[in-house]
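# Chains, contacts and geometry: an overview
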Amino acid sequence: MGKIGAWLIGARGSLASTAVIGARAIAHDLAGSNGLVTALPEIAALPLVGMDDIVFGGWDVVSDPILHKARVLAHDDTAIPPGLVAALEDDLLAVDMRVRPGVLDHAPRSGSSALRAARGRRETLAGTLKRLGEDLEQFRADHALETVVVVNVASTEPPLELGAEHDRLDGLDRLIHADRRAAFRPSMLYAYAALAHGFPYVNFTPSIGVEPPALQQLGRKQGVPFYGCDGKTGETLVKTVLAPLFRCRNLEVLSWDGFNILGGGDGEVLSHSRHRESKLRSKSNVLAPTLGYRPQGKVSIDYVPALGNWKTAWDHILFRGFLGTKMTAQFIWQGCDSILAAPLVLDLIRLAEYAHRRGESGQMTQLACFFKKPMGVEVHSFMAQFETLLEYVERHRATFGVRRG
Ligand SMILES: NC(=O)c1ccc[n+]([C@@H]2O[C@H](COP(=O)([O-])OP(=O)(O)OC[C@H]3O[C@@H](n4cnc5c(N)ncnc54)[C@H](O)[C@@H]3O)[C@@H](O)[C@H]2O)c1
């Protein structure tokens, strides 16, 4: 197998930079595989692409280089070892050379460093799609790549209410030809470009991405796998592990409140109510499917700039047991945002490439355990979702005779 491409949307952000640093560190034997699901012996049974065979590129709308972001993550946020950034300078500069201007959105950003590489572009929707498609094809040709996996790790967009035109590909194409910008978010345009050119697409953010049925129709028509949305890395991950406990012990959850504080670029964007709405939608719907009812309570997210790349979640759960006695469970989760998420992005690149290589297309439901809002899957128990991934690996091992891990 030759090299494959990983094209990150939001390539200069914290998560993308950490994913690149992680992949290059592993490729140079400077880091181990903690946090990588695909390094588990059960999953490593699949013949997945090696870290040294992944070439990175991507789109962004700011010009601050990845190396700058990496230094901030190392020195200001103590998220990654500074020595690693120093050792990988050349690698990071090389990836930065492959970052192309993205699609201008209206994400709120402050600070003089937020120069928009895409500012001032006056393009039609059709023109944008053509440009994005050319970027992907150029990337593939320049590096003789077998395929390119496109992963959305850009800032969270506000929600978009879908209309009847988003249901079918011909309807969506009419919107494009009529240049109806209000009917699109950038994440949809990136997804369209990827799928139209036959490249797998994964949405790690709560943004709309490939959710419109018309885009899924495009993916199936092109025989391409896709999936999303919103990576499950912290509070929601713990919730989807704990909720089955209450269900299986017949303990009635009366209320479940989650209080989240975080810093970084993600926190800054989520401090704006319309953008926060997208995140709250994907975080808020994981309990009812497991418990069978919706307990009281809500999820809140607050921006604390001084936290940098770190986040804290405090969850308070009030539940009723035998004889009606009320009891409480609480947990505090303190994590480094990008360190939790980056290995999952690498896992998804490897598993999406594998699915594509096997000729699979449509929703990659075997990847549900990676997402807060997994497409086409109603089961929210983390372990049940993980079992689905193991069954997928086992099925492939049996069908394709791949080695046991
Ligand atoms: N634990 C995690 O880190 C985690 C978990 C789940 C989901 N996510 C999601 O991943 C995304 C990235 O998180 P982050 O911490 O790296 O944020 P970040 O602010 O550090 O990075 C986002 C990057 O996206 C770029 N961007 C913004 N609009 C864009 C556009 N229209 N096109 C291309 N690029 C654009 C920004 O310039 C920035 O470089 C967020 O949507 C976040 O909600 C992160």
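In what follows, the structure referred to is the one given above.
Before going into details, it helps to say that this report is about the structure given with it. (Residues numbered from 1 in each chain as written. Predicted model: local features only at pLDDT ≥ 70, side-chain atom pairs only at ≥ 80, totals over all residues. Heavy atoms only, no water.)

## Here we look at the packing of aromatic side chains
Any two aromatic rings considered together are summarised by their centre-to-centre distance and by the angle between their planes. Under the criterion given, the structure shown has ten aromatic pairs. A ring pair is formed by Phe259 and Trp314, whose centres lie 5.1 Å apart and whose planes are at 20°; its orientation type is stacked. In this pair, Phe259 sits in strand β7 (residues 252–262) while Trp314 sits in strand β9 (residues 310–320), placing the two residues 55 residues apart along the sequence. The class for Trp314 is partly exposed, based on a relative accessible area of 34%. Both rings, one in Phe382 and one in Phe386, keep their centres 6.2 Å apart while their planes meet at 15°; by these two values the pair is stacked. Of this pair, Phe382 and Phe386 both sit in helix α14 (residues 382–400), four residues apart, which is roughly one turn of the helix. Put simply, the rings of Trp7, Trp59, Phe139 and Tyr190 touch in pairs and so form one group of aromatic residues. (Phe/Tyr/Trp six-rings, centres within 6.5 Å; stacked < 30°, edge-to-face > 60°. Helix = DSSP H or I, 4+ residues; strand = E, 2+ residues; numbered from the N terminus. Buried < 20%, exposed > 50% of the residue type's maximum accessible area, 1.4 Å probe, protein only.)

## Details of the site of the ligand
Taken together, 31 residues form the shell around the ligand, and within it Leu15, Asp60, Ala154, Tyr190 and Asp337 come nearest. Side-chain polar atom of Tyr190 to a nitrogen atom of the ligand: 2.6 Å apart, as the coordinates give it. Against a free-state accessible area of 840 Å², the protein chains account for coverage of 98% of the ligand. Among the elements of the structure, α1 (14–27), α7 (186–196), α10 (264–270) and α13 (337–357) are those that each provide at least two residues to the shell around the ligand. For the shell around the ligand, the class distribution of residues is twelve nonpolar, nine polar and ten charged. (Near = heavy atom within 4 Å. Polar contact = N/O pair within 3.5 Å; in protein donor to acceptor, adjacent residues only side chain to side chain. Areas by Shrake-Rupley, 256 points an atom, 1.4 Å probe, with all protein chains shown as cover. Nonpolar A, V, L, I, M, F, W, Y, C, P; charged D, E, K, R; others polar.)

## Quick look at unusual backbone geometry
Cys229 follows Gly228 through a cis peptide bond whose omega is 0°. Within the secondary structure, Cys229 sits in the loop between β6 (225–228) and α9 (235–248). In this structure, Ala144 is a non-glycine residue whose phi angle is positive, near 50°. Here Ala144 shows up in the loop between α5 (125–142) and β4 (148–152).

## Examining the pattern of salt bridges
One pass over the full model with this rule turns up 16 salt bridges. In this structure, the salt-bridge partner of Arg100 is Asp135, at a minimum N-O distance of 3.4 Å. Of this pair, Arg100 sits in strand β3 (residues 99–101) while Asp135 sits in helix α5, placing them 35 residues apart in sequence. On the basis of relative accessible area, Arg100 is assigned to the partly exposed category, the value being 40%. Since its relative accessible area comes to 10%, Asp135 is described here as buried. Of the charged contacts in the structure, one is a salt bridge between Asp337 and Lys311, with a shortest N-O distance of 2.9 Å. On the criterion of sequence distance, the pair formed by Asp337 in helix α13 and Lys311 in strand β9 is long-range, its members being 26 residues apart. The class of Asp337 is buried, set by a relative accessible area of 15%. A relative accessible area of 16% means that Lys311 is categorised as buried. (Salt bridge = Lys/Arg side-chain N within 4 Å of Asp/Glu carboxyl O.)

## Some thoughts on the sheet that holds β6
Spatial ordering of the open sheet is given by β3-β2-β1-β4-β5-β6-β11, a layout of seven strands whose pairing is parallel. Only two strands of the sheet have a single neighbouring strand rather than two, namely β3 and β11 (362–363). Relative to β11, β6 runs parallel, the two being bridged by two bridges. Among the inter-strand pairings, Pro225 is bridged to a residue of β11, identified as Gly362. (Pairing = 2+ DSSP bridges.)

Honestly, that's just the spatial picture; any functional story needs more than this.
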